[in-house]
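Spelled out, the chains give:
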Amino acid sequence: MTEKQEKWLVEELMDSMKLPADKERTARRYISRTVDKILIYCNRADLPDQLLNTVVQMAEDMMKADMEV
């Protein structure tokens, strides 16, 4: 994941979940976990831009399941 992708992903997750600024670290952690899962599953070293929205959706689902919101 590039820095540009990470920035976009975190901003998108925080916006979609209406998270306050103090939850940015939590959002980053969930984005990182989600990207790792996708890269391992797909056996890739890079994250295609086509998967960015999927990352956000999966991170949202994980946060809701863990009751982080």
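Scroll up a little and you will see the structure.
Below you will find a few notes about this structure. (Residues numbered from 1 in each chain as written. Predicted model: local features only at pLDDT ≥ 70, side-chain atom pairs only at ≥ 80, totals over all residues. Heavy atoms only, no water.)

1. Things to note about the overall build of the protein
(1) Moving on: Tallying secondary structure elements over the protein gives 3 helices and 0 strands in all.
(2) Moving on: Reading the helices (α) and strands (β) of the protein from amino to carboxyl end gives α-α-α.
(3) Moving on: Relative to its length of 69 residues, the protein is compact, with a C-alpha radius of gyration of 11 Å against a globular reference of 11 Å.
(4) Moving on: Taken along its principal axes, the extent of the C-alpha atoms in the protein is 30 × 25 × 15 Å.
(5) Moving on: When burial is assessed residue by residue, the protein has 35% of its 69 residues classed as buried. (Helix = DSSP H or I, 4+ residues; strand = E, 2+ residues; numbered from the N terminus. Rg over C-alpha atoms; globule rule 2.2 N^0.38 Å. Buried < 20%, exposed > 50% of the residue type's maximum accessible area, 1.4 Å probe, protein only.)

2. Section: helix H3 (residues 52–65)
(1) Moving on: For H3, which comprises 14 residues, the first-to-last C-alpha distance of 20 Å matches the rise-based estimate of 20 Å (1.5 Å per residue) to within 8%.
(2) Moving on: Among all positions in H3, only Leu52, Val55, Val56, Ala59, Glu60, Met62 and Met63 are buried. Here the buried residues of H3 occupy an arc of 165° about the axis, which is enough to place them on one side. Those residues of H3 that are exposed and aimed more than 90 degrees away from the buried face are Asn53 and Ala65.
(3) Moving on: Packing partners of the buried residues in H3 comprise helix H1 (3–16) and helix H2 (24–42).
(4) Moving on: Note on H3: the residue one or two positions beyond its end, Met67, has a positive phi of about 55°. (Expected span 1.5 Å × (residues − 1). Arc of directions from axis to C-beta. Contact = heavy atoms within 4.5 Å.)

3. A short note on the pattern of salt bridges
(1) Moving on: One pass over the structure, following the stated rule, counts 5 salt bridges.
(2) Moving on: A salt bridge links Arg33 to Asp66, with the shortest nitrogen-to-oxygen separation between them at 3.8 Å. Within this pair, whereas Arg33 is found in helix H2, its partner Asp66 is found in the segment after H3, the two being separated by 33 residues in sequence.
(3) Moving on: Classification of Arg33 as partly exposed rests on a relative accessible area of 34%.
(4) Moving on: Note on Asp66: relative accessible area 39%, which makes it partly exposed.
(5) Moving on: Arg44 is the partner of Asp46 in a salt bridge, and the nearest nitrogen-oxygen pair spans 3.0 Å.
(6) Moving on: What makes Asp46 partly exposed here is its relative accessible area of 39%.
(7) Moving on: Here Arg44 falls in the partly exposed class, since its relative accessible area comes to 39%. (Salt bridge = Lys/Arg side-chain N within 4 Å of Asp/Glu carboxyl O.)

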